[in-house]
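Summary of the model geometry
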Amino acid sequence: MRTISKVLVLGIALMSMVFTSCNRNSMYTQSEKTGWQYNKPNRGYFNVNTQYHGKCPDGMIYIQQATSVRGQNSEMLSMNQNNPKLRVAASGFFMDEYEVTNLNWREYVQWLSIVWKHVPAKIVRALPDETVWRSEMSYNEPYVENYYSHVAYAFYPVVGVSWKQATDYCEWRTDRINENELISRGIIPFKPLELCNVQLMEHTNPDSAYKYVFSTKRARDYVAYVNSDVFINEIEDLIEKANELAQTEATIYGYEDAEIEIAGSDFDWDVNYAYDSNGDGVVDPDEWKVALDGALYDSEIRLPTEMEWEYAAAGVVTADGIYQEMNTYPWKGDQLRSLNDKKTRGEFYANFMRGRGDPIGIQINNSLTVPVHFFLPNSFGLYNMAGNVNEWVKDVYRSVTSGQDDVNSYRGNEFESDSVYANRMLDKHFSYLSPMDRDSMRKVLIAERGITKTGGDYRDFQDGDKESALQDSVLVYIDASPLEKANMITNTNRVYKGGGWNDRAMWLNPSQRRYLDESRSANNIGFRCVMSAVGGNEHDRELYHR
């Protein structure tokens, strides 16, 4: 009897496991709450993508989520103690293995030069300031003339780029990686940049540019347009006009005998009905939404927050969630040369200014900066997180970092206004609304849902000055120096970290921080990008760069 009971219990357990497994698998094809099927016009009503596989962007490394102590981690008595220790938690994110190079930036400028040829101001605004190399008492003209444009410096970190320019690059890079991904998946066709230029010349309204040049923010509109009969009918005319324009320019510049033909003249594209879920012969905006969900990258490319940068730079990997020690620099120990490894013994870990004026770069590479892959990476696999060039981070500068949240801490939030947010919600969920209904629904969102509370500029939130002081304000302003107080009124000073080729060793400590106005640049400040990771560890995710 006892044996029969055991067999019965075991059988029930196995059946339970089978049913549980069955239900779990069916969650991807039908609702486990209602039983209605997904993406089945005759058995359900909900078109949705339920499968997700995280993607690691090219050139980036996954930085695992962790809780750590950030802030001053060494005794530097001569320095302002403006980054007190704080235990913070960071969500997982991807970070560039290397700093953005001159070659990367030239690729960006070249794209602008083709697409926005008729709006040269867009191109000029993107050019780095090469005069940052000039000094009243130094002969640096070879750097002014060659550093950005010469092939010898292709893989050196770009400098002379302001914080604003760096954020523009991040937005451009987001669009390009997503555009490339959609082309690879066959969701959109490859379209020669010359066709974008011709379309933009004929349609000067900036509000319609999203139809001709892919942008992640208006991805659905672009995808719907290039997969429409209207666009396909325009292709031959666009190619003809692009060739005529190229021939005209060839005549102007004296090579009219050359055979001019733009790339992609054999353009062949039909409307892509692969995502026509309901089978009505039209891929509507909601169906394109399903097609793009999971096809686009997890989030936007952006500058790292100061907390993310500092955590990644320290390169301290936990052992079962426990930190054994904190690093003074992005490598173990507190020495600036390798002492333990026989192969690298005596070699410097970073490019900085030693002693009273001995540039490491000049010593070992005959240049001020060095290539972005020159020194050994830290424990996360990131190169040059100390020395070579400082790096812009996303945060607005204040004299101390205390008072920020202990999860994903950041100062600099500028939330979109209520009307902008309302429009975005309507674009996302109700793209089919008429202008009259759209206006009515916007009022509902603002008046009844109370989304007006979402907007606001919080760059100076609780920093302790008279304008933003609150009852529980952290009195940052009181602790600031006179120079810091004078610069605190604009909210445009941005943090940079890491130390550069002309900085002393004390600036190589990841906790050290300085600031510069977001519109200015320097010959020792560059940047690298990050992307937030979406979802948890249960998703299949590439943990390392491709």
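Up top is the structure these notes are about.
My aim in this report is to walk through the structure given alongside it, one point at a time. (Residues numbered from 1 in each chain as written. Predicted model: local features only at pLDDT ≥ 70, side-chain atom pairs only at ≥ 80, totals over all residues. Heavy atoms only, no water.)

Thoughts on the overall build of the chain
For the chain, the count of helices and strands is 15 helices and 14 strands. Within the chain, buried positions represent 45% of all 546 residues. Sequence separation of 24 or more characterises 70% of the internal contacts of the chain that already satisfy a separation of 6 or more. Here the chain has roughly 29,500 Å² of accessible surface; of this, 52% comes from carbon and sulfur atoms. (Helix = DSSP H or I, 4+ residues; strand = E, 2+ residues; numbered from the N terminus. Buried < 20%, exposed > 50% of the residue type's maximum accessible area, 1.4 Å probe, protein only. Contact = heavy atoms within 4.5 Å. Areas by Shrake-Rupley, 256 points an atom, 1.4 Å probe, with all protein chains shown as cover.)

Looking at a nonpolar patch on the surface
On the surface, Trp 36, Tyr 45 and Phe 46 cluster together into a nonpolar patch covering about 400 Å² of accessible area. The residue Tyr 45 is located in the loop between α1 (2–26) and β1 (60–63) in this model. (Patch = residues over 30% accessible without salt bridge, like charges linked within 9 Å, V, L, I, M, F, W, Y side chains within 5 Å. Salt bridge = Lys/Arg side-chain N within 4 Å of Asp/Glu carboxyl O.)

Side note on the packing of helix α2 (residues 102–115) against helix α6 (residues 193–202)
When two helices pack together, their arrangement is given by the angle between their axes and by how far apart the axes lie. Packing of α2 against α6 leaves a shortest axis separation of 8 Å and a crossing angle of 45 degrees. Here α2 lies oblique to α6, going by the angle between them. Contacts between α2 and α6 involve Trp 111, Ile 114 and Val 115 from the former and Leu 193, Glu 194, Cys 196, Asn 197 and Leu 200 from the latter. Among the residues forming the contact of α2 with α6, the class breakdown is six nonpolar, one polar and one charged. (Axes fitted to C-alpha atoms, helices over the stretch in contact; angles between N-to-C directions. Parallel < 35°, antiparallel > 145°, perpendicular 65-115°, else oblique. Nonpolar A, V, L, I, M, F, W, Y, C, P; charged D, E, K, R; others polar.)

Some points on helix α10 (residues 306–314)
Helical periodicity: at 3.6 residues per turn, an α-helix aligns residues three or four positions apart in one direction. Burial analysis of α10 places nine of its nine residues in the buried class, the great majority of the element. For α10, the full list of buried residues reads Glu 306, Met 307, Glu 308, Trp 309, Glu 310, Tyr 311, Ala 312, Ala 313 and Ala 314. Gly 315, located one to two residues past α10, shows a positive phi value of around 60 degrees.

Side note on the state of the cysteines
Counted under the stated rule, the structure contains zero disulfides. Among the cysteines around Cys 529, which has no disulfide bond, Cys 170 carries the closest sulfur, lying 3.6 Å off. Judged by its relative accessible area of 0%, Cys 529 falls in the buried class. (Disulfide = S-S within 2.5 Å.)

Side note on the sheet that holds strand β8 (residues 390–396)
Sheet strands associate in pairs through backbone hydrogen bonding, adopting either a parallel or an antiparallel arrangement. In space, the four strands of this open sheet follow the order β12-β11-β8-β13, with mixed pairing throughout. Unpaired on one side and paired on the other, β12 (514–517) and β13 (525–526) mark the two borders of the sheet. The pairing of β8 with β13 spans two bridges and is parallel. When the sheet's bridge partners are listed, Glu 391 is paired in β13 with Gly 526. (Pairing = 2+ DSSP bridges.)

So, the side chain of Asn 102
Mapped onto the elements, Asn 102 comes out in helix α2. Excluding its chain neighbours within four sequence positions, the residues that come into contact with Asn 102 are Tyr 147, Tyr 148, Tyr 153, Ala 154, Tyr 156, Pro 157 and Val 158.

Focus: the nonpolar core
Among the nonpolar cores identified, the biggest contains 62 residues, and Trp 105, Tyr 169, Leu 182, Ile 187, Trp 392, Phe 527 and Cys 529 are the most heavily contacted of them. Elements supplying a minimum of two residues to this core: β1, α2, α3 (120–126), α5 (163–184), α6, α7 (219–226), α8 (229–252) and α9 (285–292). Considering every element that reaches this core, the biggest residue donor is α5, with seven residues. Once residues within four sequence positions are removed from consideration, Trp 105 is found in contact with Val 100, Ala 126, Pro 128, Tyr 148, Val 158, Val 161, Gln 165, Ala 166, Tyr 169 and Phe 527. One finds Phe 93, Met 95, Leu 382 and Val 530 within the second-largest nonpolar core, a separate group that totals 17 residues. (Core = buried A, V, L, I, M, F, W, Y, C linked by side-chain atoms within 4.5 Å.)

A word on the layout of surface pockets
The space that makes up the second largest pocket amounts to roughly 870 Å³. Taken together, 36 residues make up the lining of the second largest pocket; nearest its centre are Glu 107, Trp 172, Arg 173, Arg 176 and Ile 177. Counting residues per element, the ones that place at least two in the lining of the second largest pocket are α2, α5 and α6. Among the elements that make up the lining of the second largest pocket, the one with the highest residue count is α5 (nine residues). (1 Å grid on protein atoms, 1.4 Å probe; cavity = no way out; pocket = protein on both sides within 12 Å on 5 of 7 lines; lining within 4 Å. Points joined across faces, edges and corners; volume = space filled by probe spheres on them.)

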